[in-house]
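So the chains spell out like this:
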Amino acid sequence: MLSLLLLLQVLASCLWLGHSEVVTSFESSCPQFFFRKTPPNEALEPENPAWICQRYKNQYYFATLYDRSRRIPVYSAYLYQPAPGKRPNTWLVEPQLIGPTYPKTMERERTLLNDFNISLEEIGKHQALLQDYKNLTGLNRGHLNPSGHHSDSNSRTATFTLTNIVPQNEKLNGDAWKNYEQQTMNRNTQGCNNTYVVVGAVPGNNYIAKGRVNKPSYIWASACCEVDTKHRKTWAVIAENDRDKVQLLTLEELEDMLTQLYGRNRVSLFDSGCPRK
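For the chain, an unreviewed UniProt entry supplies the name ENDD1 protein and the organism Eolophus roseicapilla.

In structure tokens:
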């Protein structure tokens, strides 16, 4: 009888994990954010990864590969669906990075502290905290997946999770990168039925918050647009995280650069159906 109860407990925990926000693979849990349901290959994976299907109010809005050790996202993937709307101002964290028994949807730090009696130390063990981004000089909270690329209040709010931001050069974030997110993306997506986006950050050698949060050396973005069932186009950009300059690239050029910067296997950001040149 005891062994049966133990078996049921194990099965229950497996079922819980399989349906939680921190998942075992994007392909099995939230593949809709990737062209042909194909995430980037393993060449970008950190030593201590978390695959997060970003969930807010019981709905998935995008996917993030997160680096638990450096406390920054490796990349965030989403569908480009911009619409007018207010910019949120509430920052959220990911309870599932604390442990699988905590809420599956992102929450405020305050909610976890007050309602679940969790300490800030516990919350911040594998993710950034609001206090990590305070009193920065020349840096601010840079979204990988920007709220302005989403169509309604809930989807925009979902981007305001600390698992979707990195310490980004203040000038770059407010000028050249902002111009790419708003002007270039709008121009390049004309005639697209669906646009799949993957935006990422290359880890750097510097940290903020007394070594807790890595400051990326580069920020990059890539997109694959479906014009129709037979035609697709792609583009990409990269920016050094200490200069206010964005370099426009082909998808192949970005994958080449990331392959060199990471020094591992060949990087592939999209299914082969997305043109590289």
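Within this structure, the stated rule accounts for three disulfides. With its sulfur 2.1 Å from that of its partner, Cys192 forms a disulfide with Cys225. The sign of the S-S torsion, about -100°, decides the handedness of the disulfide formed by Cys192 and Cys225: left-handed. Taken as a pair, Cys192 in the loop between α7 (176–188) and β7 (194–202) and Cys225 in strand β10 (residues 218–226) lie far apart in primary sequence, 33 residues in all. For the pair shown, Cys192 and Cys225 are each scored as buried. With its bonded cysteines labelled in order along the sequence, the chain shows the pairing 1-2, 3-5, 4-6.

Our focus in this paragraph is α7. Buried within α7 we find Ala176, Trp177, Tyr180, Glu181, Thr184, Met185 and Asn188. Those residues of α7 hidden inside the fold are in contact with β5 (139–143), β6 (165–169), α6 (170–174), β7, β10 and β11 (232–240).

Moving on: the nonpolar core. Within the largest apolar cluster, 46 residues are counted, with the highest numbers of intra-cluster contacts made by Trp177, Val197 and Val199. If near-sequence neighbours (up to four positions away) are discounted, Val197 is found in contact with Ser76, Ala77, Tyr78, Tyr80, Met185, Ser222 and Ala223. Among the nonpolar cores identified, the runner-up in size contains 32 residues, and Val23, Phe35, Cys53 and Tyr262 belong to it.

Before going further, it helps to examine the sheet that holds β7. Read across the open sheet, the eight strands follow the order β1-β2-β3-β4-β7-β10-β11-β12; overall the sheet is antiparallel. Edge positions in the sheet fall to β1 (22–23) and β12 (247–249), since each of these pairs with one other strand and no more. Pairing geometry for strand β4 (residues 72–79) and β7, over five bridges, is antiparallel. In the sheet register, Leu79 faces β7, and the bridge partner there is Tyr196. Of the strands in this sheet, β7, β10 and β11 touch α7, which is tilted by about 170° from β11. Where helix α8 (residues 251–262) meets the sheet, it contacts β4, β7, β10, β11 and β12, and its direction lies at approximately 40° from that of β11.

Right, let's get into the side chain of Arg68. Note on placement: Arg68 falls in the loop between β3 (59–67) and β4. Although Arg68 lies buried, it forms no salt bridge, and the closest oppositely charged side chain, Asp67, sits 8.1 Å away as judged by the N-O distance. A distance of 3.2 Å separates a polar side-chain atom of Arg68 from the backbone oxygen of Pro49.

Let us look at the environment of Tyr75. Relative to the helices and strands, Tyr75 is located in strand β4. Exposure remark for Tyr75: the relative accessible area of 2% places this residue in the buried category.

Here we come to the pairing of β4. Within β4, eight of the eight residues are buried, which leaves the element mostly enclosed by the surrounding structure. Bridging between β3 and β4 involves five bridges; their strand directions are antiparallel. Bridge pairing in β4 places Tyr66 opposite Pro73. Linking β3 back to β4 in an antiparallel pair, the connection comprises four residues, with Arg71 at a positive phi of about 60°.

The rules behind the values
Residues numbered from 1 in each chain as written. Predicted model: local features only at pLDDT ≥ 70, side-chain atom pairs only at ≥ 80, totals over all residues. Heavy atoms only, no water. Disulfide = S-S within 2.5 Å. Helix = DSSP H or I, 4+ residues; strand = E, 2+ residues; numbered from the N terminus. Buried < 20%, exposed > 50% of the residue type's maximum accessible area, 1.4 Å probe, protein only. Contact = heavy atoms within 4.5 Å. Core = buried A, V, L, I, M, F, W, Y, C linked by side-chain atoms within 4.5 Å. Pairing = 2+ DSSP bridges. Axes fitted to C-alpha atoms, helices over the stretch in contact; angles between N-to-C directions. Lys, Arg positive; Asp, Glu negative; His and termini not counted. Salt bridge = Lys/Arg side-chain N within 4 Å of Asp/Glu carboxyl O. Polar contact = N/O pair within 3.5 Å; in protein donor to acceptor, adjacent residues only side chain to side chain.

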